[in-house]
Amino acid sequence: MDLSRFHATFMAESREGLDAMEAGLLDIEAGRADNETIHTVFRAAHSIKGGASTFGFTDVAAVTHVLETLLDEMRGGKREADGESLSALLASVDVLRNLIDDAERGSEPDRAEVDSIKGRLDALLSNKAGGAGSAAKPAAVRPAEAPITGWRVVFRPHPSMYLSGNDPLRIIKELGRLAKMHSVCHYDRLPGFTELDPFQCHLWWDVTLTGEVRKPAIEDVFSWVEDECELEISPQQALAVARPEPVREAPPPAAVPPPQAQKVDPKPAQDTQVQAGVGAGAVDASLRVQVSKVDALINLVGELVITQAMLKQAAVGLDPTRHETMLTGLATLERNTRDLQEAVIGIRMLPVGSVFSRFPRLVRDLSGRLNKKVALKTVGEATELDKGVIEKIADPLVHLVRNSIDHGLETPEERIANGKPDTGTITLQASHQGGHIVIEVIDDGRGLNRDRILAKAHERGIAIPDNPTDAQVWDLIFQPGFSTADQVTDLSGRGVGMDVVRKNILALGGEVGIESHAGHGTRITVRLPLTLAILDGMLVSVGGETFVLPLGFVIEALQPNPDNVRTVQADGRVLKVRGDYLPLFSVARLYKIRNEEAANEPMVVVVESDGRRLALEVDALLGQQQVVVKNLEANYRRIPGISGATILGDGRVALIVDVGGLSRGLSGGMAQAANG
């Protein structure tokens, strides 16, 4: 059998298992864990080892084998979960991630790294006392004078076990391979014939194992069904009474319904639990699908949306009385197309918690290196965001959190001297606001130093407005190469990062802003579109061409009074809107469109980005519409001030205005072109 076709599934599930291991180990270290946590970590390692052995990933199997032994001692009470052991386990998770990446790329693993972590784990295992902390718990080790000669196992499967694909008889057979076995099958839970459901398990077993076998080896047999059964494992000598007499002999394997014969019935499905590599719980069944297939489906739905819009446009002039059936069908098609579109887009939506989950480890490691005490708080992990956006926002958020710990938070001594708790707090917060998702990175540290930033800007020759506002000063840190660090370290100080952070966020159609108060901390706000595929926009006409303004940036639309338009600085213009003067720009001149038949009474759309408001002059407003975004750069080339394109119902192409890029560009040389 060619097993290579299963490699992608194994690697995806292994990464999920490693994430669960890391989260569990961090909980143990922080004192937030219970007995189930170490079992969850162990099961994850056990699953990865089994898969790696099956598919021939020997390095992964070798590391997880040693790792599993160490975890086995911890969950058996033979070893203290001390700092040294937990650090080694976390380091092994990093090595396993690298090995999975190497296997996926087909590249050779770092042999020195593999040997180093195996040596580190072996050194811990060779310390039979289990570390310094274990000496305080001698009772955790079974006394040598009480040898175990066998075990009694009472195995009561839940009725729904068959529906999860597990076979109790197979598990009993696995037990028989460990030692000499005597099993008794009990039928007292078997209902009457009329109530019998062949897809539910009604039997249970009482098993005795005789011989030298370790309890963890027995527990391993049940590792996949711990949450789907009642399980009792006790030493054989603890039995003070004779084994219960069998009611009758166990039925042959053929009498048990095969696990693959599953009935689709809501009633038993309520108890169904889906095992996904680690842990178990009452969750919705899931299907692993390649991202490329989902993207292809989204593209097809996008084409369907365009076709539906074309049909609607073609039917504008039809007589409603003569073509009632057709128009009703088109209305139904429009409604169903929108529902289908929202459902397909929902497939790509993932909780932002999948990004937040990587930060507990990051905060732990950085705070230790910098000798700072840091608490991480996350809010809104269930907020959903497009998978493509999630993948690309992870690295910018990592840099922002690193900066907050390195630059923002003070040392414990500094915080105490300033009347603060010795532990600083980093808050990651996600929420929906209109058609956007807002992610905030907040710290309660020292805040940005306005004078220091201005001094560095003068030193580097960066242009600074007269009497700059705080927002304009904070914006300087996004200049390429800008840094206020006195010393260059491996964490920060080279001036590389914040400009890249903004560039990556802008590439996603988002924006980033900063709010800071000296002595009280800094809040960095990242605003992103919910999805990269669909956009709610305002359609405007300019010189016979149609443009789309993303609705999330639009503040209002109005027909200006000529008396409210003023000329400033030669040919620059401003528009007075309710007491505020906004820069006024012609979209036709901005994009160099010949507009010989410009409207006598143009319309103005007020947009806002990065805290800047602009007034854009257009010929007419055509209405609001949800459009399918097409990547212009991939199909043509990048155009300043344009973020993409779409196809309208009449078949024409409309350009989507990059309001964020427009706002930044008009503060420089583009302003003259837009007014000249």
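Use the structure listed above.
Summary of the structure given here. (Residues numbered from 1 in each chain as written. Predicted model: local features only at pLDDT ≥ 70, side-chain atom pairs only at ≥ 80, totals over all residues. Heavy atoms only, no water.)

Comments concerning a nonpolar patch on the surface
A surface patch of nonpolar side chains, amounting to about 340 Å² of accessible area, comprises Leu190, Phe193 and Leu196. Here Leu190 shows up in the loop between strand S2 (180-186) and strand S3 (204-210). (Patch = residues over 30% accessible without salt bridge, like charges linked within 9 Å, V, L, I, M, F, W, Y side chains within 5 Å. Areas by Shrake-Rupley, 256 points an atom, 1.4 Å probe, with all protein chains shown as cover. Salt bridge = Lys/Arg side-chain N within 4 Å of Asp/Glu carboxyl O. Helix = DSSP H or I, 4+ residues; strand = E, 2+ residues; numbered from the N terminus.)

Describing the side chain of Glu68
Counting through the fold element by element, Glu68 comes out in helix H3 (residues 58-75). Looking at Glu68, the relative accessible area reads 6%, which means it is buried. Setting aside residues no more than four positions away along its own chain, Glu68 makes contact with Phe42, His46 and Lys49. (Buried < 20%, exposed > 50% of the residue type's maximum accessible area, 1.4 Å probe, protein only. Contact = heavy atoms within 4.5 Å.)

As for the side chain of Thr646
Within the secondary structure, Thr646 sits in strand S21 (residues 642-647). The exposure class of Thr646 is buried, given its relative accessible area of 1%. In contact with Thr646, not counting residues within four places along its chain, are Val548, Val627, Val628, Arg652, Val653 and Ala654.

With respect to the sheet that holds strand S17 (residues 580-586)
What the six strands build is an open sheet, ordered S14-S18-S19-S17-S16-S15; its pairing is mixed. Pairing within the sheet leaves two strands with one partner each, and these edge strands are strand S14 (554-558) and strand S15 (565-568). In this sheet, neighbouring strand axes are inclined to one another by 35° on average, regardless of whether the strands run parallel or antiparallel. One ladder, built from three bridges, connects S17 with strand S19 (residues 612-618); its direction is parallel. Residue pairing across strands places Leu584 opposite Ala615, the latter belonging to S19. (Pairing = 2+ DSSP bridges. Axes fitted to C-alpha atoms, helices over the stretch in contact; angles between N-to-C directions.)

Some words on the packing of helix H1 (residues 7-29) against helix H2 (residues 35-55)
It is the contact of H1 with H2, at a shortest axis distance of 9 Å, that shows an interaxial angle of 155°. Considered as vectors, H1 and H2 are oriented roughly antiparallel to each other. Crossing hand, H1 versus H2: left-handed. Contacts from His7, Phe10, Ser14, Gly17, Leu18, Met21, Gly24, Leu25 and Ile28 of H1 reach H2 at Thr37, Ile38, Val41, Ala44, Ala45, Ile48, Gly51, Ala52 and Phe55. Grouping the amino acids of the contact of H1 with H2 by side-chain chemistry returns twelve nonpolar, six polar and no charged. (Parallel < 35°, antiparallel > 145°, perpendicular 65-115°, else oblique. Left-handed = near helix turned anticlockwise from the far one by under 90°. Nonpolar A, V, L, I, M, F, W, Y, C, P; charged D, E, K, R; others polar.)

Considering the pairing of strand S12 (residues 534-542)
For S12, the tally of buried residues reaches eight of nine residues, placing the bulk of the element in the interior. Bridge count between S12 and strand S20 (residues 620-628): eight bridges; the pairing is antiparallel. From the neighbouring strand, Leu539 faces S20, where its bridge partner is Gly623.

Re the packing of aromatic side chains
Applying the stated rule across the entire model yields five aromatic pairs. Considering the side-chain rings of Phe10 and Phe55, the 5.4 Å spacing of their centres and the 55° angle between planes classify their relative orientation as tilted. Residue Phe10 is located in helix H1, and its partner Phe55 is located in helix H2; the two are separated by 45 residues in the primary sequence. By the burial criterion, Phe10 is buried, and Phe55 matches it. Ring centres of Phe547 and Tyr591 lie 5.2 Å apart, and the angle between their planes is 25°; this geometry places the pair in the stacked category. Here the residue Phe547 occupies a position in strand S13 (residues 545-550), and Tyr591 occupies one in the loop between helix H18 (587-590) and strand S18 (603-609), the gap between them amounting to 44 residues. Taking the relative accessible area as the measure of exposure, Phe547 reaches 4% and is therefore buried. (Phe/Tyr/Trp six-rings, centres within 6.5 Å; stacked < 30°, edge-to-face > 60°.)

Brief notes about the pairing of strand S16 (residues 572-577)
With five of six residues buried, S16 is to be regarded as a mostly interior element. Pairing between S15 and S16: four bridges, direction antiparallel. Each residue of the ladder has a partner; that of Val568, found in S16, is Gly572. Two elements, S16 and S17, share four bridges in a ladder whose sense is antiparallel. Directly across from Val574, in S17, lies its bridge partner Pro583. Where S16 folds back on S17, the antiparallel hairpin that results is connected by two residues, among which Arg578 adopts a positive phi of roughly 50°.

Notes on the sheet that holds S12
Ordered in space as S20-S12-S13-S22-S21, the five strands form an open sheet in which the pairing is mixed. Strands with a single pairing partner mark the edges of an open sheet, and in this sheet they are S20 and S21. Strand-to-strand twist of the sheet, defined as the mean angle between neighbouring strand axes without regard to direction, takes the value 35°. Relative to strand S22 (residues 653-657), S21 runs antiparallel, the two sharing five bridges.

Describing unusual backbone geometry
We note that Asn371 has phi near 55°; this positive angle belongs to a residue other than glycine. For Asn371, a relative accessible area of 61% gives the class exposed. The backbone of Asn467 shows a phi angle near 45°, a positive value even though the residue is not glycine. Secondary-structure assignment places Asn467 in the loop between helix H15 (450-460) and helix H16 (470-474).

Some thoughts on the packing of H2 against H3
It is the contact of H2 with H3, at a shortest axis distance of 9 Å, that shows an interaxial angle of 155°. As judged from the angle between their axes, H2 and H3 are roughly antiparallel. For H2 against H3, the interelement crossing comes out left-handed. Between H2 and H3, the contacting residues are Ile38, His39, Val41, Phe42, Ala45, His46, Ile48, Lys49, Ala52 and Ser53 on the first element and Val60, Ala61, Thr64, His65, Leu67, Glu68, Leu71, Asp72, Met74 and Arg75 on the second. Its residues assigned to classes, the contact of H2 with H3 shows eleven nonpolar, five polar and four charged.

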